[in-house]
Amino acid sequence: MFPAELGLHEFLQILWYLLVAILLLGYFILDGFDLGAGILYPFVAKTEEEKAIVRQSVGPLWDGNEVWLLTGGGALFAAFAPAYATSFSGFYLAIMLVLFGLIFRAIAIEYRGTDTKWRKFWDGAFFIGSFLPALLFGAAIGNIIGGIAIGDTLPLTGGPNLGSDYTGGFFALLNPFALLCAVMGLVAFITQGAAWIALKAPLDSVVRTRAIAARSILHIVELVVFVLVSLVAILFVVPTFAPERVAAVFAYVFAGIFIVGWVVTRLFITKGNDLLSFLGVNVGPIALIGITATSLFPYLIPAADNPSGVFTYFLLPGQDVAEKGLTLFNSGGSELALLAMTIITCIGLPLVLIYHVIIYRTFRGRVKVSEIEY
Amino acid sequence: MELFADPGFVSGLARAQFAITVIFHFLFVPLSIGLGLVMALTETRYYKTRDPKDRAATLFWLRIFITTFIIGVATGITMEFSFGTNWANYSRFVGDIFGAPLAAEALLAFFLESVFLGIVIFGRKRISAKLYLISCWLVWFGSALSALWILIANSWMQTPAGYDVLPDGSKAVITDFWGAALNPSTIARYTHTVDSVLILGAFVCMAVGAYYLLRKKNVEFGKQFVKRGLIIGIVTVILMLPFAHMQASVVAEEQPAKLAAMEGQYEDGPADLTIIGFVDEESEEVVGISIPGFTSFLASFDFSTEYPGLNSTAGPIDFSAYPGVKAESYQGGNPPVQLVFQAYHLMIIFYGLMVLWLILAGVLLKGANKGKYSKGLAYLVVFGPLIPFVAIQSGWVVAEVGRQPWVVYNLLLTIDGYSPAVSGIEIIITIALFLVFYLVLFIAWLRLVLGYIKKGPQVSAGDGKDDGPIDLVGSAAVSEGASAAKLKGGE
C-alpha cells in the first residue's frame with residue numbers, strides 16, 4: 001500500500017494528489033458561482049433586463065472559470081492516468097450528461113443575447129447546462145468516497161492498473177450516499193451563485209433583493225444537508241473505510257472548518273455585507289474538498305466490495321478492498337513525467353493567477369445597466 | 001449481450017463517436033484560428049486609423065469570430081473527456097506521456113484564450129484601446145498555442161519518441177520530455193495544420209467580400225475583404241508547399257504503411273503520384289493517371305527513392321519486440337487502403353483548386369476595382385471556403401485512418417485501447433445524442449453567422465475617437481424588455 005521509502009518520486013506523487021485537489025477546489029469555487037447563477041437564473045430574473053443582469057454578472061468570467069475543470073481533468077490524466085481512465089469510463093453516462101450540459105451552457109451564454117428567436121431555448125439550456133454539472137459533481141465525489149466496484153485483475157503497486165475497470169453498473173451510482181453528496185454539492189453551488197448575484201447585481205435591483213433572500217435560505221439549507229451527509233457518512237460510510245485511509249481522521253478538522261466558516265458567514269449574511277458573504281460561502285467548498293481529499297488519501301479511487309444487486313447496496317455500502325483500490329502510488333505517473341508537469345505548472349500557474357487578477361479587476365464592481373451588452 | 005461487450009465492436013463504436021465529434025470540433029477550430037487572424041489584423045488596422053469604417057469591420061469580424069470560437073471551445077471539452085470515457089485502456093497505456101500536453105494545453109493556452117476572450121467580448125469600454133488590441137492578439141495566440149499542445153499529443157501517437165514500454169507491455173513511460181514533445185512529426189504537423197487553417201480563414205474572408213460584391217451591397221467592404229483574404233491566402237498557400245513537403249517526408253520516413261496506402265503501392269520501389277484514380281485491391285494495382293516516381297520526389301527530392309509497398313508493411317511482426325501488442329488482436333499492419341488513397345488525392349486535388357480560386361479571386365478584385373466584374377466569378381469565390389474545408393478534413397482522414405490499425409503507431413492497437421467498462425449500447429445512445437445535439441448547434445451557428453454576414457458591417461456615425469455604445473453581442477434583447485423598469489447602476 002505505502003511504499004517502503006519515500007523518495008522524490010513519492011513526494012511528487014503526493015504533490016500531484018494535492019494539486020489535483022487544488023485544481024478541483026479552484027473549479028468548485030470559481031465555476032461554482034457561475035453554475036449557481038445559471039441555476040438561479042430562471043428564478044431570480046424575470047424580465048429581459050433582469051436576465052441580462054444575471055448573464056452579464058458571469059458573462060466575462062465563466063469561460064476562464066470552467067478551464068479549472070479542464071485543467072483538473074488534464075492533470076488527473078497526466079499524473080494519475082489509471083484513475084482518470086477508471087472514473088471517466090466507469091461513470092460514462094453521468095460524464096456524458098455533464099459534458100452535454102457544459103457544451104450547451106457555454107453556447108447558451110454567448111448566443112442568448114443576440115439570438116432573439118431562440119431566446120427560450122437558450123434560457124433553458126443555460127439553466128439545465130448549469131444544473132447537470134452542479135448536481136453530478138457531488139454525485140461523482142460521493143461514489144468515490146464510498147468506494148466503487150472494481151474488476152479484480154489489478155496488478156499490484158507499479159503496475160498499469162489494466163483491468164481496474166468499474167464493474168458496478170449505472171444504477172449502483174445512484175446509491176443514497178452519492179445522491180446525498182449530489183444534493184450537498186448542488187446546494188453549495190447554488191448558495192455561491194446567490195451570493196455572487198447579490199454581490200454583482202445593481203444595488204436597487206429586484207434581482208439583488210431576490211438573490212439576498214435566496215442566499216439567506218440556501219445558506220441554512222446548506223448546513224442542514226451538511227449535517228445530514230455527515231451523519232450518514234459517520235454512521236454508514238466511514239466504518240467501511242480500510243485502515244489504509246490514514247488521513248480520514250483529519251476530515252473532522254475540515255468538518256469543523258465548515259461549521260466555523262458557516263457561523264462566521266451567517267454573521268456577514270445577517271449584516272448584509274455582500275462581499276464578505278460571498279467570500280464566506282466559499283469556506284464550504286474548501287471544507288468539502290478538504291474532507292474529500294483527507295478521507296480518500298492515499299486513494300484516488302478506493303475499491304469497494306460492492307454486493308452486485310442494487311438493493312443490497314442500498315442497505316449497506318461495500319467494505320473497502322484495500323489492495324484493489326487505485327492509490328496515488330500505484331496509479332501515479334513516472335518521476336520524470338511528474339517532474340516535467342511540476343515545471344510546467346511552475347511556469348503556468350503564476351500566469352494563470354495574473355490572468356485572473358486582470359479579468360476580475362477589469363470587471364470589478366456591480367453590473368451597470370447602462371453597460372449591458374447583451 | 002455478448003456483442004455489446006466485444007472489444008472489436010465497442011472500439012469500433014468508440015471510433016465512430018470519436019470521428020463524429022472530432023470532425024465536428026474541427027469544423028470550428030480551423031475557422032476560429034483562421035478568422036482569429038483576420039479579426040486581430042482588422043482590429044490592428046482600426047487601432048491605427050480609428051476610422052469608423054474600420055471599426056465596423058472589426059466589430060463585424062469579432063462577432064463572427066466569437067460565435068464560431070465558442071463552439072470550438074465547447075466541443076473541445078468532448079475531446080478531452082473522450083480519452084477517459086471511451087479509451088480507458090489507451091489512457092492507461094499512454095497517460096504518462098499523453099496527459100502532460102493535455103494538462104499543459106489547459107494551463108498554458110486555455111486559460112489565456114478564455115480569460116482574454118471575456119475581455120474582448122465585454123471589456124472594450126473598460127480598458128484602453130491598446131490593451132484591447134493586445135487582448136485580441138492574445139486570444140488568437142492562445143488558440144494557436146492550444147493547437148500546438150494538442151498536435152504534440154497527436155504527433156506522439158503518430159511517431160512516438162522519448163519513451164520506454166514496460167517489459168510487461170502495460171504502459172509507455174516517458175524517458176525524454178523534449179524527445180517526446182518534439183517527436184519526428186510535431187513540427188511538420190504543426191506548421192502543416194496551422195497553415196491549413198489560416199488558408200481557410202483567408203478563403204472565408206474572400207468569400208464574405210465576394211458576397212458583398214455579388215449583392216452590390218457594402219461594395220467597399222467587399223473589395224477590402226477580398227483583398228485581405230487574397231493577401232493572406234497567397235502567402236499561406238505558397239507556404240503550404242514547404243510544410244506539405246516536410247509532412248510527406250516525415251510520413252515516408254516514419255510511417256511506411258501510411259505512405260504506401262496513400263499511393264496504393266503494393267510492391268517496394270519508387271512511389272508514383274496518382275493525379276486521379278482508384279486502388280484495385282484485388283489486382284493490387286492503381287488504375288488512373290499518375291506521374292512515375294513523383295511521390296518519391298516530393299518526399300525526398302529524388303524520383304528513384306524506394307519505399308516499401310503494402311505487401312512489406314502488412315506484417316507479421318515479432319511480438320517479443322512489441323510488448324504492448326496482444327497477439328490475438330493483431331491482424332496485419334496496413335490501414336484501409338482505398339479510403340486513405342482517396343482522401344489523400346482529394347486533398348491534393350483541392351490544393352490545386354485553392355491555387356485556381358486565388359487566381360479567380362484576383363481577377364474578381366481587379367474587376368471590382370474597375371467597377372466591372374462578373375457575378376459568376378463572385379459566386380465561385382463565395383463557395384470557395386468549401387475547398388479548404390474538404391482539404392483539411394480529408395488530410396486528417398489520411399493522418400488518422402492511415403495510422404490504423406494502431407492507435408499509437410507500432411505500440412498499441414486501436415482495438416486494445418477501448419473502455420471495458422462502457423457497453424456498446426451506451427455508446428450507441430451517446431452517438432445518437434451527439435448527432436442530435438451537434439445538429440442543433442450547427443443550425444444555431446449557421447443562422448447567426450449567415451445573419452451577421454447578411455447584415456454586414458454597420459458603420460455608425462462618429463469621429464472614430466469615441467468608441468460609443470458597443471453592440472458586440474447584440475443589445476436588442478435588452479432594449480426590448482428594458483423600457484418598463486429603468487434601473488440605475490449601483491456603486
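Residues numbered from 1 in each chain as written. Chains lettered and ligands numbered in written order. Predicted model: local features only at pLDDT ≥ 70, side-chain atom pairs only at ≥ 80, totals over all residues. Heavy atoms only, no water.

Colleague: Quick question: what am I supposed to make of the overall build of chain B here?
Modeller: Across its full length, chain B carries 15 helices and 8 strands. Over its C-alpha atoms chain B spans a radius of gyration of 25 Å, differing by no more than 12% from the 23 Å that the globule rule assigns to 491 residues. Viewed in the frame of its principal axes, chain B has a C-alpha envelope of about 75 × 55 × 40 Å. On chain B, roughly 19100 Å² of surface is accessible, and the fraction owed to carbon and sulfur atoms is 67%. (Helix = DSSP H or I, 4+ residues; strand = E, 2+ residues; numbered from the N terminus. Rg over C-alpha atoms; globule rule 2.2 N^0.38 Å. Areas by Shrake-Rupley, 256 points an atom, 1.4 Å probe, with all protein chains shown as cover.)

Colleague: Looking at this model, I keep getting lost on the overall build of chain A. Mind explaining?
Modeller: What chain A contains, in helices and strands, is 13 helices and 4 strands. Taking 2.2 N^0.38 as the reference for a compact globule, 374 residues should give roughly 21 Å; the C-alpha atoms of chain A span a radius of gyration of 21 Å, in line with that estimate. If you line up chain A on its principal axes, its C-alpha atoms span 65 × 45 × 40 Å. Buried positions account for 64% of the 374 residues belonging to chain A. By sequence separation, contacts in chain A at least 24 residues apart represent 82% of the contacts at least 6 residues apart. For chain A, the exposed surface amounts to about 13100 Å²; the carbon and sulfur share of it is 77%. (Buried < 20%, exposed > 50% of the residue type's maximum accessible area, 1.4 Å probe, protein only. Contact = heavy atoms within 4.5 Å.)

Colleague: I'm lost on the nonpolar core in this one. Help?
Modeller: Side chains of a nonpolar character, in soluble globular proteins, are inclined to be buried together. Among the nonpolar cores identified, the biggest contains 231 residues, and Phe80 of chain A together with Trp61 and Tyr90 of chain B are the most heavily contacted of them. Counting 47 residues, the second-largest nonpolar core is a separate cluster that includes Val226, Leu273, Ala299 and Val398 of chain B. (Core = buried A, V, L, I, M, F, W, Y, C linked by side-chain atoms within 4.5 Å.)

Colleague: For this particular structure, what's the right way to read the interface of chain B and chain A?
Modeller: Buried accessible area, meaning the area lost when the parts come together, often serves as the stated size of an interface. At the interface, 91 residues of chain B touch 92 residues of chain A. Across the interface of chain B and chain A, roughly 8000 Å² is buried in total on both sides, 71% from carbon and sulfur atoms. Seen at the junction of chain B and chain A, the total is 2 salt bridges. The shortest N-O distance in the salt bridge between Asp115 of chain A and Arg447 of chain B comes to 2.6 Å. Taken together, the connections running from chain B to chain A amount to 15 residue pairs in polar contact (both at pLDDT 80 or more). Broken down by element, the residue count for the side of chain B that touches chain A peaks at 27 residues, all from helix 3 (residues 88–122) of chain B. Class assignment for the residues of the side of chain B that touches chain A results in 55 nonpolar, 22 polar and 14 charged. (Buried area = accessible area lost by both parts, 1.4 Å probe. Salt bridge = Lys/Arg side-chain N within 4 Å of Asp/Glu carboxyl O. Polar contact = N/O pair within 3.5 Å; in protein donor to acceptor, adjacent residues only side chain to side chain. Nonpolar A, V, L, I, M, F, W, Y, C, P; charged D, E, K, R; others polar.)

Colleague: I'm lost on the confidence of the model for chain A in this one. Help?
Modeller: When pLDDT drops low, the exact placement of atoms in the prediction is not to be read closely. All names here are of chain A. Taken residue by residue, chain A gives an average pLDDT of 88. The fraction at 70 or more is 93%. Taken element by element, the predicted model of chain A shows its lowest mean pLDDT in helix 12 (residues 310–315) (51) and its highest in helix 9 (residues 251–271) (95). Low pLDDT (under 50) marks residues 154–160, which in the prediction has 19 contacts with non-local residues, meaning those over four places away or in another chain. Between residues 308–312, whose pLDDT stays under 50, and residues either more than four places distant or in other chains, the model counts 2 contacts. (pLDDT = per-residue confidence, 0-100.)

Colleague: What's the story with a nonpolar patch on the surface in this structure? I'm lost.
Modeller: Residue and element names in this part refer to chain A. Taken together, the side chains of Leu8, Phe11, Leu339, Ile343, Ile347, Leu351, Ile354 and Ile358 present a nonpolar region at the surface, about 700 Å² in accessible area. Elements with a minimum of two residues in the nonpolar patch: helix 1 (8–44) and helix 13 (335–362). Considering each element in turn, the nonpolar patch owes the most residues, 6 residues, to helix 13. By secondary structure assignment, the location of Ile343 is in helix 13. (Patch = residues over 30% accessible without salt bridge, like charges linked within 9 Å, V, L, I, M, F, W, Y side chains within 5 Å.)

Colleague: What's the story with the side chain of Thr75 of chain B in this structure? I'm lost.
Modeller: Residue and element names in this part refer to chain B. With respect to the helices, strands and loops of the structure, Thr75 is situated in helix 2 (residues 52–86). Under the relative-accessibility criterion, Thr75 is labelled buried at 0%. Within the structure, Thr75 has its side chain in polar contact with the backbone oxygen of Ile71 (distance 2.7 Å). Excluding anything up to four places from it in sequence, Thr75 contacts Phe24, His25 and Tyr438.

Colleague: Could you clarify how one ought to interpret the layout of surface pockets in this entry?
Modeller: Over the atoms rolls a probe the size of a water molecule, and in doing so it shows where empty space is left. Residues and elements named next belong to chain A. Each pocket or cavity is described by its volume, and for the second largest pocket that value is around 940 Å³. Leu24, Phe137, Ala140, Ile141 and Ile144 are, among the 41 residues lining the second largest pocket, the residues nearest its centre. Put simply, the parts of the chain that give the lining of the second largest pocket at least two residues each are helix 1, helix 3 (62–79), helix 4 (81–90), helix 5 (92–111), helix 6 (119–146), helix 7 (176–200), helix 11 (283–296) and strand 1 (299–301). Per-class residue counts for the lining of the second largest pocket are 36 nonpolar, 5 polar and no charged. (1 Å grid on protein atoms, 1.4 Å probe; cavity = no way out; pocket = protein on both sides within 12 Å on 5 of 7 lines; lining within 4 Å. Points joined across faces, edges and corners; volume = space filled by probe spheres on them.)

Colleague: It is not clear to me how helix 6 of chain A should be interpreted in this structure. Could you clarify?
Modeller: The α-helix winds at 3.6 residues per turn, so residues separated by three or four positions along the chain end up facing the same way. With 28 residues, helix 6 of chain A extends 41 Å between its outermost C-alpha atoms, agreeing within 8% with the 40 Å of an ideal straight helix rising 1.5 Å per residue. Following helix 6 of chain A by one or two positions, Gly147 of chain A has its phi on the positive side, about 90°. (Expected span 1.5 Å × (residues − 1).)

Colleague: How should the side chain of Asn65 of chain A be read in this particular structure?
Modeller: By the secondary structure assignment, Asn65 of chain A is in helix 3. Among the polar contacts listed, one links the side chain of Asn65 of chain A to the backbone oxygen of Leu30 of chain A, at a separation of 3.2 Å.

Colleague: Honestly, the confidence of the model for chain B in this entry has me stumped. Any pointers?
Modeller: All names here are of chain B. Per-residue pLDDT for chain B has a mean of 86; in total, 93% of the residues score no lower than 70. Here residues 463–491 scores under 50 on pLDDT; set against residues more than four positions off or in separate chains, the count is 69 contacts. We note a pTM of 0.89 for the whole complex and an ipTM of 0.89 for its interfaces.

Colleague: Which parts of the structure should I look at to understand a negative patch on the surface?
Modeller: Together, Glu267, Asp268, Glu284, Glu285 and Glu306 of chain B line one region of the surface with negative charge. Note that Glu284 of chain B resides in the loop between strand 4 (273–280) and strand 5 (285–291). (Lys, Arg positive; Asp, Glu negative; His and termini not counted. Charge placed at Lys NZ, Arg CZ, Asp CG, Glu CD.)

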